[in-house]
Amino acid sequence: MEYQIDIVNQILIFAMFALSLNLLLGYAGQGSIAHAAFGAVGGYAAGYLSAKSGLGFAPSVLIAVVTSLIAGTLASLPALRLGEEYLILLTFAFSTIVISIVIAWSKLGGAYGLLGIQQMNLFGHDLPDPSDKFPLLLVLFLIVFAFCWRLGESPFGRLLKAIREDELATRSLGKNVYAYKVIVFGVTSAIAGLAGALFVYYNQLASPQEFSVNVSISIIAMVVFGGSANLFGSVLGAALIVVSGPVLEKWVSLGEEKAALWRLLLYGAALVVLMVLRPQGIIPERSSLRGWLSPLFRRRAPTPALVPELSAAMAGAGAPAPTATSAAPENAPAFVGAAQLGAVTSGLRQDVAQDRLVQQREIGVATLPSTATVREPVLVVRGLRKSFGGITAVDGVDLDLPAGEVTGLIGPNGAGKSTLFGLFTGFLRPDAGTVLLRGTDVRGKSPDAVAGLGMVRSFQDVRMFQGLTVLENVMLAEPRQPGENLGGLFLRPASVSSSERRVREHALEYLAFVGLVEKADWLTAGLAYAEQKLAAIARVLATGAEVLLLDEPTSGVDPRWVDSVAAVIRGLPALGKTVCIVEHNLAFLEKIGAPCYFMEAGKITAKATVGELMTDERLRKAYFGV
Amino acid sequence: MNLHQFFQLFVNGTINGSRYALLGVSFALIISVTGRFHLAYVLSYTLAAYAASSTADAWGFPFPLAALAGIIVAIAVGVAIEVVVYRPIARKAGGSALLTIFVAALGLTIAAENAIRLTWGSASENLSGLPRNGLSIGDVTFTALDVISLIVFWVLIVGLTLFLQRTRQGRLITAVRVNPEMARVVGIDPDRIYLLVFAIGSALGGVAAILFTVKYAAVPDMGLDAVFKGFLVAFLAGTASSPTRIAGAAVLLGLVESLSGLWLKAQWSPLVVFSVLFIYLTLLPLDFWRPRRLVSAFAR
């Protein structure tokens, strides 16, 4: 019996390793091959304190956790600013260095390991046998599981997944990606340190080979076998890999040495096969017990009150959203007819949606700007300049965005339009000039800081988080959620869940505004390209930013959808938004009726309506080449 | 510290650094062109060494033939990994394949190491056939093998540079590295270029492994340290840099690692290597080679 309990205990310890690594690898998408090395930091700290200083079990483990937290945070600081390859490289290096220090440092026992570690001890009682240790390990395992669950299956975890899917897009929504990466790396290392300390106490031995790169790989295998971003999977993975040892040794009777080699060979090979055939692992992300029993617990999105109203309005106009607008051209072949129909439906849609939005919360500016007042420019750009090597992409641009208006930015390919958006939002650093957002110079601020000040951009290539649902994409964009920081998650659970309900409601409203509420629970990857573009508008809206910079919202969009996009964009000023659109589709801009800046070769050369542009010989030539 | 010790460590550092250079150049070629984080480079490296020593041992191959066998095995392994593992994963995962490929490469690495232990045992395997007599300049000693290795490493590095610059195939490789989409548009088949790159990179790694085996011995886990050094050098220099720049960084790393022995015991030299990497990565986002950027980064 003790033999079996011993195996279960080992599973519990390795499950702690796997659970924490899953946060890093599965949720946040950061590869690390130093997980066992952080276990070594904790394990050796605890072992040293126990063997050499005679410190008790609980305090040594606590110190071990803190040590590995600090080590993990410090070690990751430089690499997390860089691409994922650098983190792999740095953790690789960290792993080598930890093992060589341990071997080189005679006080830590050298190559043979550190002996003389005391028994696990609880309230003055030694825990000599596996069955004595089991309850303690089980409790600690459950705590770690609950902790990881809270982090992973919460707004925090949603954010981690967004980082995994697209770091740049996450930053564009105002999230400080770097800080989150450091936090999750630190937390992950701390848990690895805990597991390492428990492992060392459990065996009363700390030895270098127990924490080598190969052990890190086996922990990665646990996570990947079980399923990335699925915590139950990690426990299953840990069980499979730990049990494989005794199975090969006893049942296949290979003998201890051969069994160990076969075990590594087999799970290495299994990793390769799995990556080729089923990279999502045994229990994929988003599947849980509830998922398996889905016929019993059919999860439905609570439909917001808005939706029936909205669809009633749509039905009244003879056009249910969103297929309606897409079907419109077929119903009314004449282009003008279609546009009118679009206008009617969008008018209705806006009225309903906008009333709700304005009632329920302030978005950007509190009062809707009336057409009568003179509009202050919200964004004032002067003398902006940027060159890449010898090419001046933006050459002294002056530009104003008047509050509550849609302004177009047009010009031939390569004129510098997208570069301009990059410069406004902190993705690129201008060489000279000022970008004043409501009087604050945002030049040199990071994308997330600029978003926090109220200006966000969308991307020409949408950059929706494909592995998240449409609703999650939009919920994520909401600023200042208490569930996105550790303090909120663990100290104010009530405020987290009430915020989560509110954020969800808002997100559904934004999705209703762009006509996508029915597809809220779809994975974004399943949406048509045009729908993704609409969802991207909902996502920038959800940031609450006042200034929205939309990069080619209709490029690559099926012509049938263009009217829907136009309707949505025309509705934005009524929500208090100031909008700038980069666009090639002039008919679209004309429909919106936006005044346009005309940009050529890095310079603004005219400001005109699309109509004026069409009649001006020179501009027409610059744009169309005819 | 005395002058003799300095020169001896300098020579050792140059020899090691030149080996890192060949590894770094080949690894950088693979990652910059194909984007695959090819940790399973370990396989090509280790199996080349074992193939050479086994064919020499069991079938009595003379050294040149055994070395050739090793290099062919290295190429075959590298190309097979690309075709059987990496390419299908990349097809499936698209742009986000880096981590998946990396995990698969980890799996290959660990499986191969243990397959080698099961086949050949965990003891070391030897390979002879190159002169290893000691030479000296003044007090500084080295072996004929070191001189041969040095010549081979640098001939290969310069040869690769010339190949990439001067030949049609080489320019095709550069084209795919710089812009795979455009390369495809003008009719270059990236898949074929990838295979070529894996073949070249694996062959160069095989050469490094065989010379290492002649100098020391082949052991099942010999590949990990070699690949680590290759990674390190490639990233320190920038994976898209020219082979000469990567080789320069490698020699510098070899020297730093070796000369640290003037002050530290040899077992601490990994700590020095790690510190170099850590400092470099800390400074990297600050663009420290552009002083103006540095000032503004601190002012932020």
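S.K.: I keep staring at the overall build of chain A and nothing clicks. Help me out?
M.R.: The helix and strand inventory of chain A stands at 25 helices and 12 strands. Looking at the 626 residues of chain A, the share that counts as buried comes to 56%. Sequence separation of 24 or more characterises 75% of the internal contacts of chain A that already satisfy a separation of 6 or more. Total accessible area computed for chain A in this model is approximately 24,300 Å², and 61% of it derives from carbon and sulfur atoms.

S.K.: What's the story with the interface of chain A and chain B in this structure? I'm lost.
M.R.: Interface size, as often reported, equals the accessible area lost upon joining of the parts. With 48 residues of chain A at the contact, the number on the chain B side is 41 residues. Overall, the association of chain A and chain B removes approximately 4,100 Å² of surface from exposure, summing both partners, and the carbon and sulfur fraction of that is 83%. Across the chain A-chain B interface, the total number found is zero salt bridges. Summed over the shared surface of chain A and chain B, the number is two residue pairs in polar contact (both at pLDDT 80 or more). Considering every element that reaches the side of chain A that touches chain B, the biggest residue donor is helix α4 (residues 84-104) of chain A, with 14 residues. Looking at the side of chain A that touches chain B residue by residue, the class counts come to 34 nonpolar, eight polar and six charged.

S.K.: Would you mind showing me how to read helix α9 (residues 213-226) of chain A here?
M.R.: Since the α-helix turns once every 3.6 residues, residues separated by three or four places project in the same direction. Its 14 residues give α9 of chain A an end-to-end C-alpha distance of 20 Å, which sits within 8% of 20 Å, the value for a rise of 1.5 Å per residue. Of all 14 residues that make up α9 of chain A, 14 are buried, and the element is covered over most of its length.

S.K.: Just checking my understanding: could you explain the sheet that holds strand β4 (residues 391-402) of chain A for this structure?
M.R.: Hydrogen bonds between backbone atoms are what pair the strands of a sheet, whose relative direction is either parallel or antiparallel. Residue and element names in this part refer to chain A. Taken together, four strands build an open sheet; the order of strands is β4-β3-β6-β7 and the sheet is antiparallel. Taken across any chain shown, the strands that pair with only one partner, and hence form the sheet edges, are β4 and β7 (440-441). Alignment of strand β3 (residues 377-388) against β4, held across nine bridges, turns out to be antiparallel. The residue bridging Val380 from the neighbouring strand is Asp400, located in β4.

S.K.: What am I meant to see in a nonpolar patch on the surface here?
M.R.: Side chains of Val66, Leu69, Ile70, Leu74 and Leu77 of chain A sit close together on the surface and give an oily, nonpolar patch of about 390 Å² of accessible area. Topologically, Leu77 of chain A is positioned in helix α3 (residues 57-80).

S.K.: Explain unusual backbone geometry to me, please; I cannot follow it from the model alone.
M.R.: In terms of backbone geometry, most residues other than glycine have negative phi values and most peptide bonds are trans. Residue and element names in this part refer to chain A. Positive phi, close to 50°, is recorded for Val462, a residue that is not glycine. We classify Val462 as buried; its relative accessible area is 4%. Look at Arg480: it is not a glycine, yet its phi comes out positive at around 50°. Following the sequence through the fold, Arg480 ends up in the loop between α18 (470-477) and α19 (486-491).

S.K.: Help me out: how do you make sense of the pattern of salt bridges in this one?
M.R.: Opposite charge on two side chains lets them pair, provided their charged atoms get close. Inspection of the entire model under this criterion finds 26 salt bridges over all chains. The partner of Arg158 of chain A in a salt bridge is Glu500 of chain A, with the nearest N and O atoms 2.7 Å apart. Of this pair, Arg158 of chain A sits in helix α6 (residues 155-165) while Glu500 of chain A sits in helix α20 (residues 493-513), and the two are 342 residues apart along the sequence. Residue class for Glu500 of chain A comes out partly exposed when judged on its relative accessible area of 21%. Its salt-bridge partner being Arg438 of chain A, residue Glu546 of chain A comes within 2.5 Å of it at the nearest N-O pair. In this pair, Glu546 of chain A is assigned in the loop between α21 (529-542) and β9 (547-551) and Arg438 of chain A in the loop between β6 (432-437) and β7, connecting sequence segments 108 residues apart. Using a relative accessible area of 47% as the deciding quantity, one classes Arg438 of chain A as partly exposed. Three or more residues are tied together by salt bridges with common partners; here these are Arg36, Glu82, Arg87, Arg91 and Asp191 of chain B.

S.K.: In this structure, what is going on with the environment of Arg158 of chain A? I would like to understand it.
M.R.: Residues and elements named next belong to chain A. Here Arg158 falls in the buried class, since its relative accessible area comes to 7%. Measuring from C-alpha to C-alpha, the distance between Arg158 and Met475 comes to 9.1 Å, with 317 residues separating the pair along the chain. Discounting residues that sit within four places of it in the chain, Arg158 has contacts with Gly152, Leu468, Glu472, Met475, Leu476, Gln481 and Glu500.

S.K.: Whenever I open this one, the pairing of strand β10 (residues 578-582) of chain A confuses me. Can you help?
M.R.: A regular strand places its side chains on the two faces of the sheet in alternate fashion. Residue and element names in this part refer to chain A. Across the five residues of β10, five count as buried, placing the element largely inside the fold. The two faces of β10 match: Thr578, Cys580 and Val582 on one face and Val579 and Ile581 on the other face are all buried. Since β9 and β10 lie parallel, the crossover through helix α22 (residues 559-571) that links them has a hand, and here it is right-handed.

S.K.: So what exactly am I meant to see when it comes to the side chain of Gln532 of chain A here?
M.R.: Residues and elements named next belong to chain A. Mapping Gln532 onto the fold places it in helix α21. Given a relative accessible area of 6%, Gln532 falls into the buried group. A distance of 3.5 Å separates a polar atom in the side chain of Gln532 from the backbone oxygen of Leu527. When neighbours within four sequence positions are excluded, Gln532 is seen to be in contact with Val462, Met464, Gln466, Thr524, Ala525 and Leu527.

S.K.: When you look at the packing of aromatic side chains in this model, what are you seeing that I'm missing?
M.R.: The relation between two aromatic rings is expressed through the spacing of the ring centres and the mutual angle of the planes. Applying the stated rule across the entire model yields 32 aromatic pairs over all chains. On the numbers, 5.7 Å between centres and 70° between planes, the contact of Phe6 of chain B with Phe7 of chain B is edge-to-face. Its relative accessible area of 27% is what places Phe6 of chain B among the partly exposed residues. Taken together, Tyr86 and Phe92 of chain A together with Phe27, Phe37, Tyr41, Phe102, Phe228, Phe231 and Phe235 of chain B form an aromatic cluster joined through their ring pairs. One Lys or Arg, Arg463 of chain A, reaches over the ring of Phe459 of chain A and ends 5.2 Å from the middle of that ring. Sitting over the ring of Trp522 of chain A, Lys519 of chain A keeps its end group 4.6 Å from the ring centre.

S.K.: What is the right way to look at the environment of Thr239 of chain B in this model?
M.R.: All names here are of chain B. Residue position: Thr239 is located in the loop between α9 (222-237) and α10 (243-259). Under the relative-accessibility criterion, Thr239 is labelled partly exposed at 22%. A sequence separation of 197 residues divides Thr239 from Val42, and the C-alpha atoms of the two residues are 18 Å apart. Apart from residues no more than four positions distant in its own chain, Thr239 is found in contact with Ala28, Ile31, Ser32, Ala234 and Ile246.

S.K.: What exactly am I supposed to notice about the confidence of the model for chain A here?
M.R.: When pLDDT is low, close inspection of the predicted coordinates is not appropriate. The predicted model of chain A averages 84 in pLDDT, with 86% of residues at 70 or higher. Counting interchain partners and residues more than four positions distant, the pLDDT-below-50 stretch residues 295-373 of chain A has 99 contacts.

S.K.: Could you clarify how one ought to interpret the sheet that holds strand β12 (residues 603-609) of chain A in this entry?
M.R.: Residue and element names in this part refer to chain A. The sheet built from six strands is open, its strands ordered β8-β9-β10-β5-β11-β12 with mixed pairing. The outermost strands of the open sheet, each flanked by one partner alone, are β8 (455-457) and β12. Across the sheet, the mean angle from the axis of one strand to that of its neighbour is 20°, orientation sign disregarded. Here β8 pairs with β9 via three bridges, running parallel. Within the sheet, the bridge partner assigned to Met455 lies in β9 and is Val547. Of the strands in this sheet, β11 (595-600) and β12 are in contact with helix α25 (residues 617-624), which crosses β11 at around 60°.

Conventions adopted
- Residues numbered from 1 in each chain as written.
- Chains lettered and ligands numbered in written order.
- Predicted model: local features only at pLDDT ≥ 70, side-chain atom pairs only at ≥ 80, totals over all residues.
- Heavy atoms only, no water.
- Helix = DSSP H or I, 4+ residues; strand = E, 2+ residues; numbered from the N terminus.
- Buried < 20%, exposed > 50% of the residue type's maximum accessible area, 1.4 Å probe, protein only.
- Contact = heavy atoms within 4.5 Å.
- Areas by Shrake-Rupley, 256 points an atom, 1.4 Å probe, with all protein chains shown as cover.
- Buried area = accessible area lost by both parts, 1.4 Å probe.
- Salt bridge = Lys/Arg side-chain N within 4 Å of Asp/Glu carboxyl O.
- Polar contact = N/O pair within 3.5 Å; in protein donor to acceptor, adjacent residues only side chain to side chain.
- Nonpolar A, V, L, I, M, F, W, Y, C, P; charged D, E, K, R; others polar.
- Expected span 1.5 Å × (residues − 1).
- Pairing = 2+ DSSP bridges.
- Patch = residues over 30% accessible without salt bridge, like charges linked within 9 Å, V, L, I, M, F, W, Y side chains within 5 Å.
- Right-handed = clockwise from strand over helix to strand, strands pointing away.
- Phe/Tyr/Trp six-rings, centres within 6.5 Å; stacked < 30°, edge-to-face > 60°.
- Lys NZ or Arg CZ within 6 Å of the ring centre and 35° of its normal.
- pLDDT = per-residue confidence, 0-100.
- Axes fitted to C-alpha atoms, helices over the stretch in contact; angles between N-to-C directions.

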